[in-house]
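Residue strings, one per chain:
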Amino acid sequence: MFGQQVVNGLMLGSVYALVAVAFTFTIGILNFLNFSIPGIFMVTGMATWAMLKAGVALPIVVVLGLALGAALSFLVERFIFRASTHSDHYVPLVGSMAFLILFENLVLIRWGSDLQRLELPFADTSMRIAGLVIGIPQVIGLLLAVGAVWALAAIMRRTRLGRGLRTIAENPETATLLGVRVGRVVPTVFIIGGVFTALAGLLFAVNYQQVSPFMGEEVALKGISAMVIGGMGNIWGAILGGLVIGVVETAAITWFGARAVDIGVYGLLLLILFFRPTGLLGGHAGERA
Amino acid sequence: MLLDIQGLSVRYGRIAAVRDASVNVAEGEVVAVLGANGAGKSSLLKAAIGLVTPNSGHILFAGSDATRWSTAQRLANGLVLVPEGRRIVMSLTVEENLLMGAYARRDLEAVRKEIGVIYERFPNLGERRHMLASVLSGGELQMLAIGRGALARPRLMMLDEPSLGLSPRLVQELFRHLVEINRTGLALLLVEQNTRKALGIASRAYVMELGRVVMSGTPGELLADDRLEAAYLGTGAKA
Ligand SMILES: Nc1ncnc2c1ncn2[C@@H]1O[C@H](COP(=O)(O)OP(=O)(O)O)[C@@H](O)[C@H]1O
Ligand SMILES: [Mg+2]
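For every chain, the first residue of its written sequence is number 1, and the numbers climb from 1 along that sequence. Here every chain gets a letter starting at A, and every ligand a number starting at 1, in the order they are written. Under the rules for a predicted model, residues below a pLDDT of 70 receive no local features and side-chain atom pairs below 80 are neither given nor counted, while totals for whole chains, interfaces and linings still include all residues. Note: side-chain values were computed over all heavy atoms of the structure, leaving out hydrogens and water.

This brings us to the overall build of chain B. Helix numbering and strand numbering both begin at the N terminus, where a helix is a DSSP run of H or I of at least 4 residues and a strand a DSSP run of E of at least 2. In terms of helices and strands, chain B carries ten helices and ten strands. As defined in this context, the radius of gyration uses C-alpha atoms, and a globule is described by 2.2 Å times the residue total to the power 0.38. A globule of 239 residues ought to have a C-alpha radius of gyration of about 18 Å, and chain B, at 17 Å, matches this closely. The dimensions of chain B, computed from C-alpha atoms along their principal axes, are 50 × 40 × 35 Å. Counting only residues that meet the buried cut, chain B has 56% of its 239 residues in that class. Relative accessibility thresholds used throughout: buried, under 20% of the residue-type maximum; exposed, over 50%; partly exposed, between the two (1.4 Å probe, protein chains only).

On to the overall build of chain A. When its secondary structure is counted, chain A shows eleven helices and four strands. Relative to its length of 289 residues, chain A is compact, with a C-alpha radius of gyration of 19 Å against a globular reference of 19 Å. Principal axes of the C-alpha set define a box for chain A whose edges measure 60 × 45 × 35 Å. Expressed as a percentage of the 289 residues in chain A, the buried residues total 55%. Methods summary: accessible areas were calculated by the Shrake-Rupley approach with a probe of 1.4 Å, and residue burial reflects only the protein chains presented. Element-wise, carbon and sulfur atoms account for 69% of the exposed surface of chain A, whose accessible area totals about 12,700 Å². In this tally, Asp and Glu contribute negative charge and Lys and Arg positive charge; neither His nor the terminal groups of the chain are included. To locate a charge, take NZ of a lysine, CZ of an arginine, CG of an aspartate or CD of a glutamate. Within chain A, the 13 negative side-chain charges are centred at a point lying 10 Å from the centre of the 17 positive side-chain charges.

Turning our eyes to something else, we now look at the sheet that holds strand β8 (residues 187–191) of chain B. All names here are of chain B. Strands qualify as paired when DSSP identifies two bridges or more between them. Across the sheet, which stays open at both edges, the six strands sit in the order β6-β7-β8-β3-β9-β10 with mixed pairing between neighbours. The sheet is open, and its two edges are formed by β6 (79–82) and β10 (212–217), each paired on a single side. Across the sheet, the mean angle from the axis of one strand to that of its neighbour is 20 degrees, orientation sign disregarded. Bridge count between strand β3 (residues 30–35) and strand β9 (residues 204–209): five bridges; the pairing is parallel. Note that in β9 the partner of Leu 34 across the bridge is Val 207. Residue contacts are defined here by distance: any two heavy atoms, one from each residue, within 4.5 Å place the two residues in contact. To obtain an axis, a line is fitted to C-alpha atoms, over the contacting stretch when the element is a helix, and the angle between two such axes runs from 0 to 180 degrees between their N-to-C directions. In the packing of helix α6 (residues 138–150) onto the sheet, the strands contacted are β6 and β7 (156–160), and the crossing angle to β6 comes to about 170 degrees.

On to the environment of Tyr266(A), then. Residues and elements named next belong to chain A. Secondary-structure assignment places Tyr 266 in helix α11 (residues 261–275). Along the backbone, Tyr 266 and Ala 200 are 66 residues apart, and their C-alpha atoms lie at a distance of 21 Å. Setting aside chain neighbours within four positions, we find Tyr 266 in contact with Leu 221, Lys 222 and Ser 225.

Residues and elements named next belong to chain B. Think of it this way: one heavy atom of a residue within 4 Å of a molecule or strand is enough to make that residue near it. Residues in contact with ligand 1, as listed here, are Tyr 12, Ile 15, Ala 17, Ala 36, Asn 37, Gly 38, Ala 39, Gly 40, Lys 41, Ser 42 and Ser 43. Between ligand 1 and the protein, one listed contact pairs an oxygen atom with a backbone N or O atom of Ala 39 at 3.1 Å. One nitrogen or oxygen atom from the side chain of Ser 42 is found 2.7 Å from an oxygen atom belonging to ligand 1. Taken by itself ligand 1 offers 560 Å² of open surface, and the protein chains cover 62% of this. Of all the secondary-structure elements, those providing two or more residues to the shell around ligand 1 are β2 (15–25) and α1 (41–49). Of all the elements, α1 adds the most residues to the shell around ligand 1, at three residues. Ten residue types, Ala, Val, Leu, Ile, Met, Phe, Trp, Tyr, Cys and Pro, are classed as nonpolar, four, Asp, Glu, Lys and Arg, as charged, and the remainder, Gly among them, as polar. Grouping the amino acids of the shell around ligand 1 by side-chain chemistry returns five nonpolar, five polar and one charged. Think of a polar contact as two N or O atoms within 3.5 Å of one another; within protein, one of them needs to be a possible hydrogen donor and the other a possible acceptor, and neighboring residues in sequence only count if both atoms come from side chains.

So, about the coordination of the magnesium ion (ligand 2). All names here are of chain B. Only nitrogen, oxygen and sulfur atoms qualify as donors, provided they sit within 2.8 Å of the metal or within 3.2 Å for Na, K and Ca; with water excluded from the atoms, sites may seem incomplete. Only Ser 42 (OG), Glu 84 (OE) and Glu 84 (OE) from the protein coordinate the magnesium ion (ligand 2), and they sit 2.0 to 2.8 Å from it. On the criterion of sequence distance, the pair formed by Ser 42 in helix α1 and Glu 84 in the loop between β6 and α3 (94–101) is long-range, its members being 42 residues apart. Exposure remark for Ser 42: the relative accessible area of 17% places this residue in the buried category. Classification of Glu 84 by relative accessible area gives partly exposed; the value is 35%.

Another point: the interface of chain B and chain A. Counting from both sides, the interface comprises 22 residues of chain B and, opposite them, 18 residues of chain A. Of the roughly 2,000 Å² buried between chain B and chain A, counting both surfaces, carbon and sulfur atoms make up 56%. Any carboxyl oxygen of Asp or Glu that lies within 4 Å of a side-chain nitrogen of Lys or Arg is treated as forming a salt bridge with it. The interface formed by chain B and chain A includes two salt bridges. One salt bridge in this structure joins Arg166(A) and Glu96(B), with 2.6 Å as the shortest N-O distance. For the interface between chain B and chain A, the tally reads six residue pairs in polar contact (both at pLDDT 80 or more). Listed by contribution, the elements that provide at least two residues to the side of chain B that touches chain A are α2 (71–76) and α3 of chain B. Defined here as a combined quantity, buried area equals the accessible surface (1.4 Å probe) lost by two parts on assembly, summed across both.

On to the side chain of Thr167(A). Tracing the sequence through the fold places Thr167(A) in helix α6 (residues 160–170). The buried category is assigned to Thr167(A), whose relative accessible area is 0%.

A few words now on helix α3 (residues 58–81) of chain A. All names here are of chain A. For α3, which comprises 24 residues, the first-to-last C-alpha distance of 33 Å matches the rise-based estimate of 34 Å (1.5 Å per residue) to within 8%. Looking only at α3, the buried set comprises Val 61, Gly 65, Gly 69, Ala 70, Leu 72, Ser 73, Val 76, Glu 77, Ile 80 and Phe 81. For α3, the secondary structure elements touched by its buried residues are α1 (2–30), α2 (37–53), α4 (90–111) and α8 (182–208). Multiply 1.5 Å by the residue count of a helix minus one, and that product is the helix's expected span.

Below, the discussion takes up a nonpolar patch on the surface. All names here are of chain A. A patch is a set of surface residues, each over 30% in relative accessible area and not in a salt bridge, joined within 9 Å for like charges and within 5 Å for the nonpolar side chains Val, Leu, Ile, Met, Phe, Trp and Tyr. Where nonpolar side chains cluster on the molecular surface, the patch consists of Met 127, Ile 129, Ile 136, Ile 140 and Leu 144 and spans about 390 Å² of accessible area. For the nonpolar patch, the secondary-structure elements that each account for two or more residues are β2 (126–129) and α5 (136–158). With three residues, α5 is the single largest residue contributor to the nonpolar patch. Topologically, Ile 129 is positioned in strand β2. The exposure class of Ile 129 is partly exposed, given its relative accessible area of 44%.

Residues and elements named next belong to chain B. Evaluation of the coordinates by the stated rule reveals 15 salt bridges over all chains. In this structure, Asp 225 engages Arg 227 in a salt bridge whose closest nitrogen and oxygen atoms are separated by 3.1 Å. Classification of Asp 225 by relative accessible area gives partly exposed; the value is 24%. Beyond isolated ion pairs, a larger network of salt bridges with shared partners links Arg 105, Asp 107, Glu 114 and Arg 153.

A few words now on the packing of α1(A) against α8(A). Two measures define how a pair of helices packs: the angle their axes make with one another and the distance between the axes. All names here are of chain A. With their axes 9 Å apart at the nearest point, α1 and α8 run at an angle of 170 degrees to one another. Relative to α8, the element α1 lies roughly antiparallel. Contacts between α1 and α8 involve Met 11, Leu 12, Val 15, Leu 18, Val 19, Val 21, Ala 22, Phe 25, Thr 26, Ile 29 and Leu 30 from the former and Val 186, Val 189, Phe 190, Ile 192, Gly 193, Phe 196, Thr 197, Leu 199, Ala 200, Leu 203, Phe 204 and Tyr 208 from the latter. The residue makeup of the contact of α1 with α8, split by class, is 20 nonpolar, three polar and no charged. When an angle is under 35 degrees it counts as roughly parallel; over 145 it counts as roughly antiparallel; between 65 and 115 it counts as roughly perpendicular; any other value is oblique.

Take a look at the structure:
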């Protein structure tokens, strides 16, 4: 049934959307493709599993998970981005990939390569609306994703920090000239990106009840595709792209089987790139709301 | 002295853009810096606001050694630069650009009021306040840049070739406005190619050539000296 596929696809898409927002936000403001994002996604997912297994209460897991994402992202800023301010732009890109591999291997050493299952009593609670089965954790996830983007868009549009970030996006030297302490503001970009990534990792772990040290890689490709489909640097575009990919993926599984998933998703990516090279909401800079 | 630049040198790799230049501005004064393209005028102002680091020399502002201050610190202490080419943020609205001028300020009530005054003085900006700055004409962009600078509440405003690219009528209006804001007690350090206009409002002027200050004096003294024209045309009148 079509409606049900859309509902399921939106839930899946919200995870991609959050990762895409993290990617697109750092690109829009700092012109930096941060490959540590899938690593942070995976570490938060694994940490969620480990904490729940150790009996930590879910609200505390959520808070600690978000803090972990922010902290790891801040670490990447200190070690990679700050250190390579004056290098060519591919230097931080490669550096952030090194962080992805580092995160993966640290998790492999600690927990091994197995797929880990989460036992969550509430994970299968659902409600029925107009004949559609809607999982409650999934709805909460979707609402959280949209709410987080809405909050970020409001910060970008209405606050002093947002104006400063949009000025940095257009020209860092102009921002400095106007009194923005660019070196102090840049870490906030990483912290925001880290929080979005961690939220995605938490949602994935809770909704799909399984995590592995390699869960970042597929989500990275889908997240980057979502960003491109939506339009680079555009946070609403990232949400749109993520949800579209989620729906296409779910529909492809149902109607054509699991093998068709990647053909559907990446075929769509190529089609959109061909007809709208700037993406669906194509613009620039992270501020477009 | 409000601003006292002493023996300043700026290098870009092997290029010496400013060599041992000393320039000062008193409270409330209008001082002009003249010179041909490439003389080092912009580099002097960029060093004064902290966008480039001098290789030697000192920058004193209101009695404090500001040489190592960040740009944000200089702004907070009352020094502002309206840069060459205006550097308006085109992806921000007119009003957001003005708010960026007040980035370090916390007295938002007063900021709102001052923005209102700017809109009254330049109704074109007021009418377009919620449009992207990219819709503005050259003259409007320059007024926006000056308004943005004024919103930092400076004691000294440095302006780098504000008349560049403006029609004679707009240049007229620009200089009238500069005199107006100077009357409020704001000191101006004005870099200009438009020598006559600049000397018309300045009480003193410096002439730069190949990074050095080669002449200084009152407008009367400079206009009487034929080395001014030589330096302005860049034909090497050696001091
Ligand atoms: N960022 C830069 N890198 C290298 N050389 C520069 C740079 N900016 C200016 N210069 C050089 O420094 C000298 C002085 O330039 P500038 O300060 O812009 O002079 P003016 O404003 O008087 O035209 C020129 O020779 C110019 O080419
Ligand atoms: Mg210049």
